[in-house]
Amino acid sequence: MAVTDDAILRVKEMIVSGELKPGDRLPREADLAERLGLSRNSLREAVKALSLVRVLDVRQGDGTYVSSLRADDLLGALSFVLELHRGEDSVLEVLQVRRILEPAAAAMAAQRIELEEVAALRALCDAAESARSVEELVEHDLDFHRAIAQASGNAYLAQLLDTLAGPTVRVRIWRGITQASAVDRTVAEHRAIVDALAAHQTELARSWSTVHVAGVEQWLSDLA
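- In the annotation of an unreviewed UniProt entry, the entry for the protein reads FadR family transcriptional regulator, and the organism field reads Solihabitans fulvus.

Given below as structure tokens:
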């Protein structure tokens, strides 16, 4: 593994230095291995590992290329990992991260949100109130939080929060909220966030977002 780790580091250095850019094709395996002083086997394992995290794109019969290195591509691997870790402790830790990031996104969005974005958020609140299933509630909830993150104007923050969204976990949460007859309260918190955004009240948007995520976190803690 140490040899493979070294091979990964060497390839990464070529990308970070700009020697290899997004979309570039890697040299032939034999040539690159000789140039980096690596065995072809260790280089092959490094390429396999980097392709799994979407840094490299292996095209059968065409060679290996550096991926676009876009945030949404690279964070997709994290989404897969998070879906595998669905125990109570893991879910709570993810919510703790969301409690840090989502209020920041809401505060940023409050500074720059447009009228049509506010209208779209209000429509999602209306749709959540009339939803007939947990699956519909989850869909509206994902769209609601995604729209706020996108309104922050920070593509990396928006993609990271989208990765942390965890549709599977959200189904569990909304099923519990529905059984506890707390849908109205949850939607009311969504509306309070929207009102703060519409008024461009940065700290109020941050506070309501914190209350909202912390409430979900507390609910899950009580179940644990």
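Regarding the environment of I8
Then, number 1: Position of I8 relative to the elements: it lies in helix α1 (residues 2–16).
Then, number 2: When sequence neighbours within four positions are dropped, the list of residues in contact with I8 reads A46, A49 and L50.

A closer look at the pattern of salt bridges
Then, number 1: Scanning the model with the defined rule gives 16 salt bridges in all.
Then, number 2: Between R191 and D126 there is a salt bridge, and its shortest N-O distance comes to 2.6 Å. Of this pair, R191 sits in helix α10 (residues 183–198) while D126 is found in helix α6 (residues 115–129), placing the two residues 65 residues apart along the sequence.
Then, number 3: Look at D126 and you get partly exposed, because its relative accessible area is 43%.
Then, number 4: When the shortest N-O distance is used, the salt bridge between E129 and R191 registers 3.0 Å.

Side note on helix α2 (residues 29–36)
Then, number 1: When we look at burial in α2, the residues that qualify are L32, A33 and L36. Down the axis of α2, the smallest arc covering the buried residues is 100°, so these residues share one side. Across α2 from its buried face, at more than 90 degrees, point the exposed residues E34 and R35.
Then, number 2: Buried residues along α2 sit in contact with α1 and α3 (40–52).
Then, number 3: Looking one or two residues past α2, G37 carries a phi angle of roughly 70°, positive in sign.

Focus on the packing of aromatic side chains
Then, number 1: Scanning the entire structure with this criterion turns up zero aromatic pairs.
Then, number 2: A cation sits over an aromatic face here: R59 above Y65, 3.9 Å from the ring centre.

What counts and how
Residues numbered from 1 in each chain as written. Predicted model: local features only at pLDDT ≥ 70, side-chain atom pairs only at ≥ 80, totals over all residues. Heavy atoms only, no water. Helix = DSSP H or I, 4+ residues; strand = E, 2+ residues; numbered from the N terminus. Contact = heavy atoms within 4.5 Å. Salt bridge = Lys/Arg side-chain N within 4 Å of Asp/Glu carboxyl O. Buried < 20%, exposed > 50% of the residue type's maximum accessible area, 1.4 Å probe, protein only. Arc of directions from axis to C-beta. Phe/Tyr/Trp six-rings, centres within 6.5 Å; stacked < 30°, edge-to-face > 60°. Lys NZ or Arg CZ within 6 Å of the ring centre and 35° of its normal.

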